[in-house]
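A closer look at the structure
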Amino acid sequence: MPEPTTQRVPAITVYGGRAAAALQQVASLLDSASVSTEETQELLALIQAGAVESAQGDVIELAERPPENNTAPAVQGWVAAVQATATELAHVADRTITRAKPAGRLAAPTAPAIRSVPTAVDKVARSRWSRSWPWPSDSSPS
């Protein structure tokens, strides 16, 4: 059996700067409307988590469309990979919300709290993820 090659997954680098600028603009508009920093952070995180959730839906649809003319083990591998990716996207959405919520703030009563199982990604140092938020470091979530 040939040895599997490690292929690098191309990163999306087109939207990061524009998204950060848009987040800053929305945060500035909310600030001028006297919305608290905590509420602004939570609202922006909800938008980001919703985008991740939408991407997860697209990924889940891939499970129904495995590559044609493959053996059963290949199709099972395809479905397993899709499930693993969808699960990780659920974790990303959960972490996005968790990091933006002020300590002690409860989830909205209309939306039951559904938490994904922690993964190794959850152990990434705070300094690595806090740099991606568009607000000043002194108001970033703790």
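Report on the accompanying structure. (Residues numbered from 1 in each chain as written. Predicted model: local features only at pLDDT ≥ 70, side-chain atom pairs only at ≥ 80, totals over all residues. Heavy atoms only, no water.)

1. So, the overall build of the chain
From N to C terminus, the chain includes four helices and zero strands. Within the chain, the proportion of its 142 residues that are buried is 22%. Taken as a whole, the chain presents about 10,600 Å² of accessible surface, with 59% of it coming from carbon and sulfur. (Helix = DSSP H or I, 4+ residues; strand = E, 2+ residues; numbered from the N terminus. Buried < 20%, exposed > 50% of the residue type's maximum accessible area, 1.4 Å probe, protein only. Areas by Shrake-Rupley, 256 points an atom, 1.4 Å probe, with all protein chains shown as cover.)

2. Some points on the pattern of salt bridges
Pairs can form between side chains of opposite charge whenever their charged atoms are close. Summed over all chains, the structure comprises two salt bridges. One salt bridge in this structure joins Arg65 and Glu61, with 4.0 Å as the shortest N-O distance. Taking relative accessible area as the criterion, Glu61 reaches 41% and is therefore assigned partly exposed. Notably, a salt bridge pairs Glu88 with Arg95, separated by 3.2 Å at the nearest N-O pair. (Salt bridge = Lys/Arg side-chain N within 4 Å of Asp/Glu carboxyl O.)

3. What to know about helix 3 (residues 72-100)
Its 29 residues place the ends of helix 3 43 Å apart at the C-alpha level, agreeing with the 42 Å of an ideal helix rising 1.5 Å per residue. All of the buried residues along helix 3 are Val82, Ala86, His91, Ala93, Asp94, Arg95, Thr96, Ile97, Arg99 and Ala100. (Expected span 1.5 Å × (residues − 1).)

4. With respect to the packing of helix 1 (residues 16-32) against helix 2 (residues 37-62)
Two elements in contact, helix 1 and helix 2, have axes whose closest approach is 10 Å; the angle formed by their N-to-C orientations is 145°. Note on packing geometry: the crossing formed by helix 1 with helix 2 is right-handed. Across the interface between the two elements, Leu23, Val26, Ala27 and Leu30 of helix 1 pack against Thr40, Leu43, Leu44 and Gln48 of helix 2. Split by residue class, the contact of helix 1 with helix 2 holds six nonpolar, two polar and no charged. (Axes fitted to C-alpha atoms, helices over the stretch in contact; angles between N-to-C directions. Left-handed = near helix turned anticlockwise from the far one by under 90°. Contact = heavy atoms within 4.5 Å. Nonpolar A, V, L, I, M, F, W, Y, C, P; charged D, E, K, R; others polar.)

5. Quick word on the nonpolar core
With six residues, the main nonpolar core is built from Ala45, Ala49, Val52, Ala93, Ile97 and Ala100. Only helix 2 and helix 3 provide two or more residues apiece to this core. Sequence-distant contacts of Ala49, that is, excluding residues within four places in its chain, are made with Ala93, Thr96 and Ile97. (Core = buried A, V, L, I, M, F, W, Y, C linked by side-chain atoms within 4.5 Å.)

6. A word on the packing of helix 2 against helix 3
The interhelical angle for the contact between helix 2 and helix 3, taken along N-to-C directions, is 175°, at an axis separation of 8 Å. With respect to each other, helix 2 and helix 3 are oriented roughly antiparallel. Tallied by class, the residues present in the contact of helix 2 with helix 3 amount to 17 nonpolar, five polar and two charged. (Parallel < 35°, antiparallel > 145°, perpendicular 65-115°, else oblique.)

7. Digging into helix 1
A rise of 1.5 Å per residue sets the reference length of helix 1, with its 17 residues, at 24 Å; its end C-alpha atoms lie 24 Å apart and thus fit the reference within 8%. For helix 1, the full list of buried residues reads Leu23, Ala27 and Leu30. End-on, the buried residues of helix 1 take up no more than an arc of 65°, which puts them together on one face. For helix 1, the exposed residues lying more than 90 degrees away from the buried face are Gly17, Arg18, Gln25, Leu29 and Ser32. (Arc of directions from axis to C-beta.)

8. Some words on a nonpolar patch on the surface
Nonpolar side chains collect at one region of the surface, where Ile12, Val14 and Tyr15 lie side by side and expose about 370 Å² of accessible area between them. You can see Val14 is positioned in the segment before helix 1. Residue classification places Val14 among the exposed residues on the basis of a relative accessible area of 54%. (Patch = residues over 30% accessible without salt bridge, like charges linked within 9 Å, V, L, I, M, F, W, Y side chains within 5 Å.)

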